[in-house]
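What follows is each chain in one-letter form.
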Amino acid sequence: MALVAGLLAAGGPVAAAPVVQPDERIVPRTFTADDGLPQSGVNAIVQTRDGYLWIGTFGGLARFDGMAFETFRGQSGPESAAAKDGRRKGPASDRIIALHEDDAGRLWIGTQDAGLSVLEHGMFRHLPVCDGVCQVSDLLQGPDGAIWIASSAGVLKLGPDSRQETWIARLDWAGYVRLSGDARGRIHVGGHRGFGVVADGRIQPIRLPGSDRRVYLLERSGDHLLVGTEHTLYRYDPDRRHWQPLGVDRPDYAIEDADGHWWVAQASGRLVREDAAGNWRNVPGLSGVDVTSLSRDNEGNLWIGSSSKGLLRFRKPLFGVIAVPQPELNVAGRAVVADGQGGLWFGSACGQLGHWRQDGSMQVLPIRQVLGNDCVASLLLDRDGMLWVGTNGGGLGRIVDGEAEHVFTWPAGESINLWQREDRRYVVGSERATFELEIDARGRIVGRRDIDALKGMHINQMIEAAQGGHWFAGDQGVLRLVDGEAVERWTPAEGLSSRFARALYEDERTRTLWVGTYGGGLNRIRNGQVQRYDSGNGLFDDTVSCILADNRGRLWLGGNRGVTLLPAPREAAATIESIGYTAGDGLVPSEINGGTASACHRDTQGRLWFSLVEGFAVVDPADVAEVRAAPLRPHIERVAVAGRAVEFAGPTLVLESFARNLEIRYTAVNLSKPRDTHFRFRLSGFDDDWIEAGQNRSILYPSIPWGEHLFEVQARIAGGPWSPEPASLRIVHPRPWYQRPWVWTLATLLGLLALVGSTQIERVGPDATGRSRRRGGDATARSA
């Protein structure tokens, strides 16, 4: 979407507002060694099906979940450092230059000096390709599942099952370094020896155009191939052997984005992007990076590897911004309304009044001398096409024939909010009073009537009510007035989440009133019942300063954290689904400047405008397809007992008896907004219900009960649903043999038997002795 941008000079019309693409304004997010990247030079990037981003550097292989890097170091020691089956805890070398994931989920790793490794089922294996000492520059899976390898020793493939080597061409160092398949499954190769296709078990050369001799870039583009030579970029048709030059000099790397447009890094340091018309545009914010790799993920991010500046993440912004018409100042936007002719009026907090005309030109209109100050509080385009201006100094004015005209100034100097009723009467809200005005054609106030039902209330929003009258939202809740009388009231006493109501939207189809509050989230009022939504049950932002609807029935909310999209508000029940848009989506700064009557606006083209704490932002909902918050997939990454890492196979962890201080670390891949990731967990036999963990990514259990337990963890992005499938770990904590119930039972029985036996002995022993002594006495007596 093309947008007006840049600071506008004051005084008179500007001929043609500068038009730029949003990507020219965004500074990419950069990750370096300070963030955990093993080295600032990035050679290869790939996202695997489990969501992780893998990065190959000369300092090792890194895995990234959006929040933290985990580095896997190369195993350069003797073979005894590996297991007997050849498996290792890292690739064969730290010098990673190629990465590829196959259909089975195996990660193939090409190194500069130790050949090929593969990561499978969580373990690394070093393969003896080219004696384990060659450079592997590129990897590709063929249609039959075989892995093709472009190495310094030549081109070969590994069988999909047997992994038997089949050499296509044995070459010296100056061989082929690029691989690509075409739509028919044919394998093409490119490099210092030129360009060719694999046929009949060998490479058949294909002549390059003109004086080109080398291929540095080779990517599939639909039915064609992108081929970059030492001179230029071509689109090549492999069936017709036709070359189409694309006008990009000295291309090195290329990637196709989510919109189907190509990005190409040039040897000159420039990065260019293909537009919808097939033209190539420079991307200034990303030029001069010295690109060494390009990739994209399933979240729409473009990832750029550089030779020395680390890993860069670029996301095409959804929002565009326009600065307020005040040179050299970052002034807050306050109000935006239509001009009735396809253009827009912009009012700022103590800046000029700007008029963006339908032809794209911007006119700056000074109002300070006429209205006393130029701090706009609200704007109103009335039913006759007249623009009215309320200031935060108590001033009321209008624009007549392109000139500001003073109407009235209230001595209290309060901010003035403006609305107009269907009977053409004007409604004015100040700090603690709301009243109706009758104004004649000459701009004179000829009548005033205070609205007593709103006395002492600061009104932020007024809309027409479907059931008659008008809804008013302010610092004492929400009221519906009919003929000046309150017939319906919603405050915390009636279930409203907060008395500080800021925004209103009524869905006439479902007779639902949506109320946005400051700090209390969003309220849905339907059939006399209030349902509250906040960050605890799905809402992205607890502040809702304005509410706009698009053509699909979705609601867009402006708040302190940015803009929130409700993709299916009519489906909301006890929870609500929401998607948050912030600075990474082009909303810079992200905070919406609400609390006024006209802070947000939907124009005649369906675009949505938001006043920001600096300038204004716009989004076209047509650019946002049917989108729902993506569920996150959690992972259990590490387990430690008493601070020592514990290896566990599969989904089961067997602890030693009396194991204590069990720490479980978990994550969920969120490459775009990792800090919006939230977790909850539970351990059967220990936790009665899910435990909200917030952004914490580990849990420590000082002790685990005896027996078998199941640990589960779920993740969600703020406003999104919980993971449908939790990551789980079966934990077995066996009792020692002498602590087992049958041992205690047996010991108890033996104890009882011993006790009974000893009792019997005590009873029999004295009687027998006594009798023995008596017999002895008798005998003695007889003898005497």
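Just so it is clear, the model here is predicted, and its values are computed rather than measured. (Residues numbered from 1 in each chain as written. Predicted model: local features only at pLDDT ≥ 70, side-chain atom pairs only at ≥ 80, totals over all residues. Heavy atoms only, no water.)

**Q** It is not clear to me how the overall build of the protein chain should be interpreted in this structure. Could you clarify?
**A** Counting its secondary structure elements, the protein chain contains two helices and 69 strands. Sorting the 784 residues of the protein chain into buried and exposed places 53% on the buried side. Residue pairs in contact within the protein chain that sit at least 24 positions apart in sequence constitute 48% of those at least 6 positions apart. A total of about 35500 Å² of accessible surface is found on the protein chain, and carbon and sulfur atoms cover 48% of it. (Helix = DSSP H or I, 4+ residues; strand = E, 2+ residues; numbered from the N terminus. Buried < 20%, exposed > 50% of the residue type's maximum accessible area, 1.4 Å probe, protein only. Contact = heavy atoms within 4.5 Å. Areas by Shrake-Rupley, 256 points an atom, 1.4 Å probe, with all protein chains shown as cover.)

**Q** When you look at a nonpolar patch on the surface in this model, what are you seeing that I'm missing?
**A** Taken together, Leu746, Leu750 and Leu753 make up a surface patch of nonpolar side chains, about 300 Å² in accessible area. Following the sequence through the fold, Leu750 ends up in helix H2 (residues 741-783). (Patch = residues over 30% accessible without salt bridge, like charges linked within 9 Å, V, L, I, M, F, W, Y side chains within 5 Å. Salt bridge = Lys/Arg side-chain N within 4 Å of Asp/Glu carboxyl O.)

**Q** Quick question: what am I supposed to make of the confidence of the model for the protein chain here?
**A** Any segment with low pLDDT has predicted coordinates that should not be analysed in fine detail. For the protein chain, per-residue confidence averages 88 on the pLDDT scale, and residues scoring 70 or more make up 89% of the total. The low-confidence segment residues 77-87 (pLDDT under 50) makes 11 contacts with residues lying over four places distant or belonging to another chain. Contacts for the low-pLDDT stretch residues 768-784, under 50 throughout, to residues beyond four places or in other chains number zero contacts. (pLDDT = per-residue confidence, 0-100.)

**Q** How do you make sense of the state of the cysteines when you look at a structure like this?
**A** Two cysteines joined by a covalent bond between their sulfur atoms form a disulfide. One pass over the full model with this rule turns up three disulfides. Covalently, Cys130 is tied to Cys134 through a disulfide, its sulfur atoms 1.7 Å apart. Around the S-S axis, the bridge from Cys130 to Cys134 shows a dihedral of about -40 degrees and counts as left-handed. Residue classification places Cys134 among the buried positions, given a relative accessible area of 5%. Here Cys350 pairs with Cys375 through a disulfide, and the sulfurs are 1.6 Å apart. What sets the handedness of the Cys350 and Cys375 disulfide is the S-S torsion sign, and at about 100 degrees it is right-handed. In this pair, Cys350 sits in the loop between strand S35 (344-348) and strand S36 (353-356) while Cys375 sits in the loop between helix H1 (368-371) and strand S38 (376-381), placing the two residues 25 residues apart along the sequence. Judged by relative accessible area, Cys350 falls into the partly exposed class, the value being 35%. Judged by relative accessible area, which is 8%, Cys375 ranks as buried. (Disulfide = S-S within 2.5 Å.)

**Q** Would you take a moment to explain the sheet that holds strand S54 (residues 546-549) for this structure?
**A** Either a parallel or an antiparallel arrangement is found when strands of a sheet pair, and the pairing is made through backbone hydrogen bonds. Pairing in this open sheet of four strands is antiparallel, and the strands run S54-S55-S56-S57 from one edge to the other. A single partner strand is all that each edge strand has here, and the edge strands are S54 and strand S57 (579-581). Strand-to-strand, the axes of this sheet are offset by a mean angle of 25 degrees, without reference to chain direction. Across four bridges, strand S55 (residues 555-558) lies against strand S56 (residues 563-566) in antiparallel orientation. Looking at the pairing, Trp556 lines up with Leu565 of S56. (Pairing = 2+ DSSP bridges. Axes fitted to C-alpha atoms, helices over the stretch in contact; angles between N-to-C directions.)

**Q** Please clarify how the packing of aromatic side chains should be interpreted in this entry.
**A** Given two aromatic rings, their pairing is described by the distance between the two centres and the angle made by the two planes. What the rule picks out here adds up to 30 aromatic pairs. Between Phe31 and Phe64, the aromatic rings sit 5.1 Å apart at their centres with planes inclined by 65 degrees, giving edge-to-face as the arrangement. Of this pair, Phe31 sits in strand S4 (residues 29-31) while Phe64 is found in strand S7 (residues 60-64), placing the two residues 33 residues apart along the sequence. For Phe64, a relative accessible area of 0% puts it in the buried group. Each ring, one from Phe72 and one from Phe124, has its centre 5.5 Å from the other, and the planes form 50 degrees; the classification is tilted. One end of the pair, Phe72, is in strand S8 (residues 69-72); the other, Phe124, is in strand S13 (residues 123-127), with 52 residues separating them in the sequence. Residues Phe72 and Phe124 agree in their burial class; the two are buried. Following the ring pairs from residue to residue traces out a cluster consisting of Tyr666, Phe679, Phe681, Phe686, Tyr701 and Phe711. (Phe/Tyr/Trp six-rings, centres within 6.5 Å; stacked < 30°, edge-to-face > 60°.)

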